[in-house]
Amino acid sequence: MNKEEKRINLILFGPPGSGKGTQAKMLEKKFDLLQISTGDLFRYELGNNTPLGQKARTFMDKGQLVPDEVTVAMLKNKIEQHPHVKGYIFDGFPRTLPQSEALDELLSTRGESVDSLISLVVDDEEIVNRLLERGKTSGRKDDANEGVIRERINVYKSETAPVYAYYDQKGCAQEIAGIGEIDEINSRLNELISSLA
Ligand code: AMP
């Protein structure tokens, strides 16, 4: 990477089922960034039945958050494996204030910060419907049960929503409507991100 080129670090934010993963994959291609989804990383560990996967499973199956120190260590490891990218799209991370502080700290050691947190706004009932639908084919235990889905929404509201306010105070948080066609939402995101460059 050219040293003069500005890297861009984005957080794609929003409740479970708001479309973060789908959109992050599209943005990864368009802007040549690396998507880091902590949910995907945990599912990879789980699928390989590693000690980390076994630890994460107990929390994931209940719709609760994996402890911060475990999550941050995994994230740090992933970043360190890919230092020379144009930037990162964090998907499903940070989900707590301590995770946000840890991310800022990690980026600041490279003289960087979060450029933008973009929150996809979707209402609760739409989320429940989307996740129950996804659960029919995703094979994800946490999508298959309405009680677990509602617990994930509660955890989002109590532990994760404050992350928005944290970055809003820094002047880099924005909301966009997460409802409508995938391409339509993608256009909104593209426009917003292009304006950051
Ligand atoms: P997701 O695929 O982002 O919906 O994540 C699925 C599950 O993985 C969550 O319900 C949590 O149990 C766990 N998880 C993913 N990301 C995090 C995170 N940043 N902090 C804690 N737990 C996480």
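Now for a quick tour of the structure. (Residues numbered from 1 in each chain as written. Predicted model: local features only at pLDDT ≥ 70, side-chain atom pairs only at ≥ 80, totals over all residues. Heavy atoms only, no water.)

A full pass over the atoms with the stated rule returns five aromatic pairs. Aromatic side chains Tyr88 and Phe90 sit 5.6 Å apart centroid to centroid with 40° between the ring planes, which places their arrangement in the tilted category. Classification of Tyr88 by relative accessible area gives buried; the value is 0%. The exposure class assigned to Phe90 is buried, which follows from its relative accessible area of 0%. Seen from their ring centres, Tyr166 and Tyr167 are 4.8 Å apart, and the 85° between their planes marks the pair as edge-to-face. Overall, Tyr166 belongs to the buried group, its relative accessible area being 17%. Among the aromatic residues, those joined into a ring-pair cluster are Phe13, Tyr156 and Tyr164. (Phe/Tyr/Trp six-rings, centres within 6.5 Å; stacked < 30°, edge-to-face > 60°. Buried < 20%, exposed > 50% of the residue type's maximum accessible area, 1.4 Å probe, protein only.)

Turning our eyes to something else, we now look at the pairing of strand β1 (residues 8-13). Counting buried residues along β1, six of its six residues qualify, which places the element largely inside the surrounding structure. Neither face of β1 is exposed, since Ile8, Leu10 and Leu12 on one face and Asn9, Ile11 and Phe13 on the opposite face are all buried. Relative to strand β3 (residues 87-91), β1 is paired through five bridges, and the arrangement is parallel. Bridging across to β3, Leu10 finds its partner in Ile89. Judged from the four bridges that link them, β1 and strand β4 (residues 116-121) form a sheet pairing that is parallel. Looking at the pairing, Phe13 lines up with Ser119 of β4. (Helix = DSSP H or I, 4+ residues; strand = E, 2+ residues; numbered from the N terminus. Pairing = 2+ DSSP bridges.)

Ile11, Ile36, Leu75, Phe90, Leu103, Leu117 and Tyr167 are the most contacted members of the largest nonpolar core, which has 31 residues in total. Among the elements of the structure, β1, β2 (34-37), α2 (38-47), α3 (51-60), α4 (68-81), β3, α5 (97-108) and α8 (146-169) are those that each provide at least two residues to this core. Apart from residues lying up to four places away in sequence, Leu103 is in contact with Ile11, Leu75, Phe90, Phe93, Pro94, Val114 and Tyr167. (Core = buried A, V, L, I, M, F, W, Y, C linked by side-chain atoms within 4.5 Å. Contact = heavy atoms within 4.5 Å.)

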